[in-house]
Amino acid sequence: MPPKAKVTREMVLDAAFETVREKGHESLNARAIAQRLGCSTQPVLYCFRTVDEIREAVYRRADKYHSAYILPREGTAENPMLAMGLNYVRFGYEEKHLFRLLFQTDRFGGMDMAALLENPELRSVLDVMAAGQHIGREEAKERFLAFFAVVHGLASLLANNSMEYDEKRSARVLETVFHGMGALRKGQEDV
(Lines give C-alpha, C1' and ligand atoms only; values in the text may rest on other atoms or scores of the structure.)
Protein backbone atom coordinates (compact mmCIF):
# COMPACT_ATOMS: atom_id res chain seq x y z
CA MET A 1 0.00 0.00 0.00
CA PRO A 2 1.49 3.38 -1.04
CA PRO A 3 1.99 6.00 1.67
CA LYS A 4 -0.73 8.63 2.03
CA ALA A 5 -0.01 11.99 0.47
CA LYS A 6 1.25 14.49 3.00
CA VAL A 7 -0.96 17.49 3.65
CA THR A 8 1.13 20.64 3.79
CA ARG A 9 0.48 24.02 5.35
CA GLU A 10 0.24 25.52 1.87
CA MET A 11 -2.36 22.93 0.82
CA VAL A 12 -4.45 23.74 3.88
CA LEU A 13 -4.20 27.47 3.18
CA ASP A 14 -5.13 26.97 -0.48
CA ALA A 15 -8.17 24.90 0.50
CA ALA A 16 -9.20 27.42 3.17
CA PHE A 17 -8.83 30.35 0.75
CA GLU A 18 -10.95 28.61 -1.90
CA THR A 19 -13.56 27.69 0.71
CA VAL A 20 -13.91 31.33 1.74
CA ARG A 21 -13.84 32.49 -1.88
CA GLU A 22 -16.68 30.15 -2.87
CA LYS A 23 -18.80 29.97 0.28
CA GLY A 24 -17.85 32.89 2.52
CA HIS A 25 -15.79 33.30 5.67
CA GLU A 26 -18.66 32.00 7.82
CA SER A 27 -18.24 28.54 6.27
CA LEU A 28 -14.56 28.24 7.15
CA ASN A 29 -13.91 25.40 9.60
CA ALA A 30 -11.56 22.42 9.87
CA ARG A 31 -14.18 20.04 8.50
CA ALA A 32 -14.79 22.11 5.35
CA ILE A 33 -11.06 22.34 4.69
CA ALA A 34 -10.54 18.62 5.32
CA GLN A 35 -13.41 17.76 3.02
CA ARG A 36 -11.89 19.85 0.23
CA LEU A 37 -8.53 18.13 0.77
CA GLY A 38 -10.05 14.66 1.05
CA CYS A 39 -8.58 14.00 4.47
CA SER A 40 -9.54 14.05 8.12
CA THR A 41 -9.37 17.20 10.23
CA GLN A 42 -6.22 15.96 11.97
CA PRO A 43 -3.76 17.05 9.22
CA VAL A 44 -5.51 20.41 8.96
CA LEU A 45 -5.04 21.12 12.65
CA TYR A 46 -1.54 19.70 12.55
CA CYS A 47 -0.50 22.35 10.01
CA PHE A 48 -2.24 25.17 11.90
CA ARG A 49 -2.80 25.17 15.65
CA THR A 50 -6.31 26.64 15.46
CA VAL A 51 -8.96 27.58 12.96
CA ASP A 52 -8.42 31.22 14.02
CA GLU A 53 -4.82 30.90 12.85
CA ILE A 54 -6.13 29.62 9.51
CA ARG A 55 -8.59 32.54 9.33
CA GLU A 56 -5.76 35.01 9.88
CA ALA A 57 -3.66 33.38 7.13
CA VAL A 58 -6.65 33.43 4.76
CA TYR A 59 -7.24 37.10 5.53
CA ARG A 60 -3.60 37.92 4.71
CA ARG A 61 -3.81 35.95 1.45
CA ALA A 62 -7.09 37.63 0.51
CA ASP A 63 -5.59 41.04 1.24
CA LYS A 64 -2.59 40.30 -0.96
CA TYR A 65 -4.86 38.96 -3.71
CA HIS A 66 -7.05 42.07 -3.46
CA SER A 67 -4.06 44.40 -3.65
CA ALA A 68 -2.80 42.71 -6.82
CA TYR A 69 -6.33 42.70 -8.28
CA ILE A 70 -6.98 46.42 -7.91
CA LEU A 71 -3.62 47.84 -8.96
CA PRO A 72 -3.72 48.90 -12.61
CA ARG A 73 -1.28 47.21 -14.92
CA GLU A 74 1.45 49.54 -16.09
CA GLY A 75 0.56 51.31 -19.29
CA THR A 76 -3.01 49.99 -19.40
CA ALA A 77 -4.81 52.98 -17.99
CA GLU A 78 -4.91 56.62 -18.91
CA ASN A 79 -5.79 57.47 -15.31
CA PRO A 80 -4.42 54.87 -12.85
CA MET A 81 -6.60 56.04 -9.96
CA LEU A 82 -9.79 55.65 -11.96
CA ALA A 83 -8.61 52.23 -13.13
CA MET A 84 -7.90 51.25 -9.55
CA GLY A 85 -11.33 52.43 -8.42
CA LEU A 86 -13.04 50.49 -11.18
CA ASN A 87 -10.99 47.40 -10.32
CA TYR A 88 -12.11 47.75 -6.69
CA VAL A 89 -15.77 47.94 -7.72
CA ARG A 90 -15.30 44.93 -10.01
CA PHE A 91 -13.65 43.04 -7.13
CA GLY A 92 -16.78 43.64 -5.03
CA TYR A 93 -18.87 42.13 -7.80
CA GLU A 94 -16.64 39.22 -8.84
CA GLU A 95 -15.21 38.29 -5.44
CA LYS A 96 -18.17 38.93 -3.15
CA HIS A 97 -17.05 36.62 -0.36
CA LEU A 98 -13.47 37.89 -0.30
CA PHE A 99 -14.75 41.47 -0.34
CA ARG A 100 -16.95 40.78 2.67
CA LEU A 101 -14.07 39.10 4.51
CA LEU A 102 -11.75 42.03 3.90
CA PHE A 103 -14.09 44.96 4.37
CA GLN A 104 -17.20 43.89 6.24
CA THR A 105 -16.01 41.91 9.24
CA ASP A 106 -15.15 44.86 11.51
CA ARG A 107 -11.45 44.42 10.83
CA PHE A 108 -11.06 48.18 11.13
CA GLY A 109 -13.08 48.40 14.35
CA GLY A 110 -11.75 51.06 16.68
CA MET A 111 -9.80 52.82 13.91
CA ASP A 112 -10.42 56.33 12.75
CA MET A 113 -9.85 57.63 9.23
CA ALA A 114 -6.41 58.98 10.10
CA ALA A 115 -5.28 55.51 11.19
CA LEU A 116 -6.70 54.00 8.02
CA LEU A 117 -4.72 56.48 5.93
CA GLU A 118 -1.50 55.55 7.74
CA ASN A 119 -1.95 51.85 7.01
CA PRO A 120 1.20 50.64 5.19
CA GLU A 121 -1.01 48.61 2.83
CA LEU A 122 -2.42 51.87 1.49
CA ARG A 123 0.96 53.40 0.64
CA SER A 124 1.06 52.07 -2.95
CA VAL A 125 -2.48 53.32 -3.61
CA LEU A 126 -1.61 56.81 -2.37
CA ASP A 127 1.59 56.78 -4.43
CA VAL A 128 -0.39 55.97 -7.58
CA MET A 129 -2.87 58.73 -6.80
CA ALA A 130 -0.22 61.36 -6.00
CA ALA A 131 1.85 60.56 -9.10
CA GLY A 132 -1.15 60.36 -11.42
CA GLN A 133 -2.52 63.72 -10.31
CA HIS A 134 0.79 65.45 -9.66
CA ILE A 135 -0.14 66.24 -6.07
CA GLY A 136 1.53 65.74 -2.70
CA ARG A 137 0.88 62.86 -0.32
CA GLU A 138 -1.36 64.89 2.04
CA GLU A 139 -3.56 66.07 -0.82
CA ALA A 140 -3.65 62.49 -2.12
CA LYS A 141 -4.92 61.35 1.29
CA GLU A 142 -7.77 63.86 1.24
CA ARG A 143 -8.80 62.98 -2.29
CA PHE A 144 -8.47 59.28 -1.55
CA LEU A 145 -11.00 59.51 1.30
CA ALA A 146 -13.63 61.15 -0.87
CA PHE A 147 -13.03 58.84 -3.81
CA PHE A 148 -12.85 55.74 -1.61
CA ALA A 149 -16.22 56.50 -0.01
CA VAL A 150 -17.92 56.33 -3.41
CA VAL A 151 -15.87 53.41 -4.73
CA HIS A 152 -16.44 51.39 -1.57
CA GLY A 153 -20.16 52.19 -1.64
CA LEU A 154 -20.51 50.89 -5.20
CA ALA A 155 -18.47 47.77 -4.43
CA SER A 156 -20.52 47.11 -1.28
CA LEU A 157 -23.79 47.38 -3.19
CA LEU A 158 -22.54 44.81 -5.69
CA ALA A 159 -21.04 42.49 -3.06
CA ASN A 160 -24.17 42.39 -0.92
CA ASN A 161 -26.97 42.39 -3.44
CA SER A 162 -28.02 40.48 -6.53
CA MET A 163 -27.25 43.44 -8.74
CA GLU A 164 -25.77 43.32 -12.20
CA TYR A 165 -22.43 45.01 -12.75
CA ASP A 166 -22.46 47.74 -15.38
CA GLU A 167 -18.85 48.68 -16.02
CA LYS A 168 -19.62 51.66 -18.25
CA ARG A 169 -22.01 53.20 -15.75
CA SER A 170 -19.60 52.54 -12.87
CA ALA A 171 -16.81 54.17 -14.86
CA ARG A 172 -18.97 57.26 -15.53
CA VAL A 173 -19.84 57.60 -11.83
CA LEU A 174 -16.20 57.28 -10.79
CA GLU A 175 -15.04 59.74 -13.46
CA THR A 176 -17.62 62.29 -12.29
CA VAL A 177 -16.49 61.98 -8.67
CA PHE A 178 -12.81 61.91 -9.53
CA HIS A 179 -12.89 64.95 -11.77
CA GLY A 180 -15.25 66.73 -9.41
CA MET A 181 -12.69 66.41 -6.60
CA GLY A 182 -10.04 68.07 -8.75
CA ALA A 183 -12.43 70.85 -9.83
CA LEU A 184 -13.51 71.44 -6.24
CA ARG A 185 -9.90 71.75 -5.10
CA LYS A 186 -9.07 74.10 -7.97
CA GLY A 187 -12.12 76.24 -7.10
CA GLN A 188 -10.99 76.45 -3.48
CA GLU A 189 -7.51 77.57 -4.56
CA ASP A 190 -8.98 80.28 -6.81
CA VAL A 191 -10.94 81.83 -3.92
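See the structure printed just above.
Quick look at the structure, then. (Residues numbered from 1 in each chain as written. Predicted model: local features only at pLDDT ≥ 70, side-chain atom pairs only at ≥ 80, totals over all residues. Heavy atoms only, no water.)

One can describe the packing of helix α8 (residues 123-133) onto helix α9 (residues 137-160) by two numbers: an axis separation of 9 Å at closest approach and a directional angle of 105 degrees. Classified by the interaxial angle, the pair formed by α8 and α9 is roughly perpendicular. Along its contact with α8, which presents Arg123, Val125, Leu126, Asp127, Met129, Ala130 and Gln133, the element α9 presents Arg137, Ala140, Lys141, Arg143, Phe144 and Phe147. Among the residues forming the contact of α8 with α9, the class breakdown is seven nonpolar, one polar and five charged. (Axes fitted to C-alpha atoms, helices over the stretch in contact; angles between N-to-C directions. Helix = DSSP H or I, 4+ residues; strand = E, 2+ residues; numbered from the N terminus. Parallel < 35°, antiparallel > 145°, perpendicular 65-115°, else oblique. Contact = heavy atoms within 4.5 Å. Nonpolar A, V, L, I, M, F, W, Y, C, P; charged D, E, K, R; others polar.)

So, about the side chain of Ser156. Within the secondary structure, Ser156 is located in helix α9. Residues within four places of Ser156 in sequence aside, it is in contact with Phe99, Gln104 and Asn161.

The subject of this paragraph is α9. With 24 residues, α9 extends 32 Å from end C-alpha to end C-alpha; this agrees with the ideal 34 Å at 1.5 Å per step. Along α9, the sharpest kink reaches roughly 25 degrees, centred on Phe147. (Expected span 1.5 Å × (residues − 1). Bend = angle between axes of the 7 residues up to and from the residue.)

This part takes up the layout of surface pockets. A volume near 670 Å³ is recorded for the largest pocket. Residue lining of the largest pocket: 29 residues in total, with Phe103, Phe108, Leu116, Leu122 and Phe148 positioned closest to the centre. Elements with a contribution of two residues or more to the lining of the largest pocket: α4 (51-70), α5 (80-94), α6 (96-103), α7 (113-117), α8 and α9. Grouping the constituent residues of the lining of the largest pocket by class yields 20 nonpolar, six polar and three charged. (1 Å grid on protein atoms, 1.4 Å probe; cavity = no way out; pocket = protein on both sides within 12 Å on 5 of 7 lines; lining within 4 Å. Points joined across faces, edges and corners; volume = space filled by probe spheres on them.)

Relative to the assigned elements, Arg100 resides in helix α6. On the basis of relative accessibility, which here comes to 22%, the residue Arg100 falls in the partly exposed class. Arg100 sits 80 residues away from Val20 along the chain, and the two C-alpha atoms are 10.0 Å apart. The contacts of Arg100, once residues within four sequence positions are left out, are Thr105, Ala159 and Asn160. (Buried < 20%, exposed > 50% of the residue type's maximum accessible area, 1.4 Å probe, protein only.)

Further remarks concern the pattern of salt bridges. Proximity of charged atoms lets side chains of opposite charge pair with each other. Taken as a whole and judged by the stated rule, the model has 14 salt bridges. We note a salt bridge from Lys141 to Glu118, for which the minimum N-O separation is 2.5 Å. Pair noted here: Lys141 is in helix α9 and Glu118 is in the loop between α7 and α8, with a separation of 23 residues, a long-range link. A single network of salt bridges, built from pairs that share partners, joins Arg9, Arg49 and Glu53. (Salt bridge = Lys/Arg side-chain N within 4 Å of Asp/Glu carboxyl O.)

Turning our attention to the nonpolar core. Of all hydrophobic cores here, the largest spans 53 residues; its most connected members are Ile54, Val58 and Phe147. Looking at this core element by element, the count peaks at eight residues for α4. Setting aside anything within four residues of it in sequence, one finds Phe147 in contact with Met81, Leu82, Gly85, Met129, Leu174, Val177, Phe178 and Met181. (Core = buried A, V, L, I, M, F, W, Y, C linked by side-chain atoms within 4.5 Å.)

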